[in-house]
Amino acid sequence: MFLGTYEPLLDDKGRLILPAKFRTQLSRGLVVTRGQEHCLYVFPMDEFAEILGRLQQAPMTSKEARTYTRVFLSGANDQVPDKQGRITIPAQLRDYAGLDRELAVIGSGSHIEVWDMAAWNKFLADSESEFADREEELIPGVF
């Protein structure tokens, strides 16, 4: 399980040092791809395989499902972290997420999200009040 927020820096070669707390779960391999709200998703390889299986169950006759699958998978990049716990974020994914040097890496349960720090701060500022003021159940049985 991935939890918490970390603030690593992206180096000049586009490499990210994964938070130490996440390295064991990702040491056998991971997939980096486009996420919602222009962040990046980082999945452990086995979790990504499960998602791929669910995507393959979508009806091929659904244009929306085909489009989502194409965008999601065309940006996917599989890799194994190096001995220092670093991964390389490909240029196309850095561009998609608008990544600069300062990053926010957040644990999102089954995966990690990588955000440009300014974008994360804006998202959080825009979302915290709505989160705190929620009166209706959003996720059945949880909140």
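What this report covers is the structure whose coordinates are included nearby. (Residues numbered from 1 in each chain as written. Predicted model: local features only at pLDDT ≥ 70, side-chain atom pairs only at ≥ 80, totals over all residues. Heavy atoms only, no water.)

### Some remarks on helix H2 (residues 45–56)
Part 1: Taking 1.5 Å per residue, twelve residues should reach 16 Å; H2 reaches 16 Å between its end C-alpha atoms and fits that length.
Part 2: Residues of H2 that are buried include every one of Glu47, Phe48, Ile51 and Leu55, and no others. One face of H2 carries all of its buried residues, which in axial projection span an arc of 95°.
Part 3: In this fold, the buried residues of H2 make contact with strand S3 (30–34), strand S4 (40–44) and helix H3 (63–74). (Helix = DSSP H or I, 4+ residues; strand = E, 2+ residues; numbered from the N terminus. Expected span 1.5 Å × (residues − 1). Buried < 20%, exposed > 50% of the residue type's maximum accessible area, 1.4 Å probe, protein only. Arc of directions from axis to C-beta. Contact = heavy atoms within 4.5 Å.)

### Points about the sheet that holds strand S8 (residues 112–116)
Part 1: Strand order in the open sheet formed by six strands is S1-S7-S8-S4-S3-S5, and the pairing between neighbours is antiparallel. Edge positions in the sheet fall to strand S1 (5–6) and strand S5 (77–79), since each of these pairs with one other strand and no more.
Part 2: The sheet contact formed by strand S7 (residues 103–107) and S8 spans five bridges and is antiparallel. Bridge assignment links Gly107 to a residue of S8, and that residue is Ile112.
Part 3: Lying on the sheet, H2 is in contact with S3, S4 and S5; it crosses S4 at an angle near 105°.
Part 4: Along the sheet face, H3 touches S3 and S4 and points at about 125° away from the line of S3. (Pairing = 2+ DSSP bridges. Axes fitted to C-alpha atoms, helices over the stretch in contact; angles between N-to-C directions.)

### So, the nonpolar core
Part 1: Counting 19 residues, the largest nonpolar core has Leu16, Ile89 and Val114 as its most contacted members.
Part 2: Taken together, the elements giving at least two residues each to this core come down to helix H1 (20–26), S3, S4, helix H4 (91–97), S7 and S8.
Part 3: Setting aside anything within four residues of it in sequence, one finds Leu16 in contact with Pro8, Leu10, Gly85, Arg86, Ile87, Ile89, Leu103, Val105 and Val114.
Part 4: Tyr41, Leu55, Trp115 and Met117 belong to the second-largest nonpolar core, a separate cluster that totals 13 residues. (Core = buried A, V, L, I, M, F, W, Y, C linked by side-chain atoms within 4.5 Å.)

### Some words on the packing of aromatic side chains
Part 1: By the definition in use, this model includes ten aromatic pairs.
Part 2: Both rings, one in Tyr6 and one in Phe22, keep their centres 5.2 Å apart while their planes meet at 80°; by these two values the pair is edge-to-face. With Tyr6 in strand S1 and Phe22 in helix H1, this residue pair connects regions lying 16 residues apart in the sequence.
Part 3: Its relative accessible area of 24% is what places Tyr6 among the partly exposed residues.
Part 4: For the pair Phe43 and Phe72, a centre-to-centre distance of 6.2 Å together with 70° between the ring planes defines the contact as edge-to-face. Taken as a pair, Phe43 in strand S4 and Phe72 in helix H3 lie far apart in primary sequence, 29 residues in all.
Part 5: On the accessibility criterion, Phe72 (5% relative accessible area) is buried.
Part 6: Three or more aromatic residues link up through ring pairs in this structure, and these residues are Tyr41, Phe43, Phe48, Tyr68 and Phe72.
Part 7: Positioned over the ring face of Tyr96 is Arg34, at 5.8 Å from the centre of the ring. (Phe/Tyr/Trp six-rings, centres within 6.5 Å; stacked < 30°, edge-to-face > 60°. Lys NZ or Arg CZ within 6 Å of the ring centre and 35° of its normal.)

### Points about the packing of H2 against H3
Part 1: Packing of H2 against H3 brings their axes to within 11 Å, and their N-to-C directions diverge by 155°. Accordingly, the angle class assigned to the pair H2 and H3 is roughly antiparallel. Crossing of H2 against H3: the hand is left-handed. Here Phe48, Ile51, Leu52 and Leu55 of H2 lie close against H3, whose contacting residues are Tyr68, Thr69, Phe72 and Leu73.
Part 2: Of the residues belonging to the contact of H2 with H3, the class tally is seven nonpolar, one polar and no charged. (Parallel < 35°, antiparallel > 145°, perpendicular 65-115°, else oblique. Left-handed = near helix turned anticlockwise from the far one by under 90°. Nonpolar A, V, L, I, M, F, W, Y, C, P; charged D, E, K, R; others polar.)

By themselves, these are just geometric observations and shouldn't be taken as functional.
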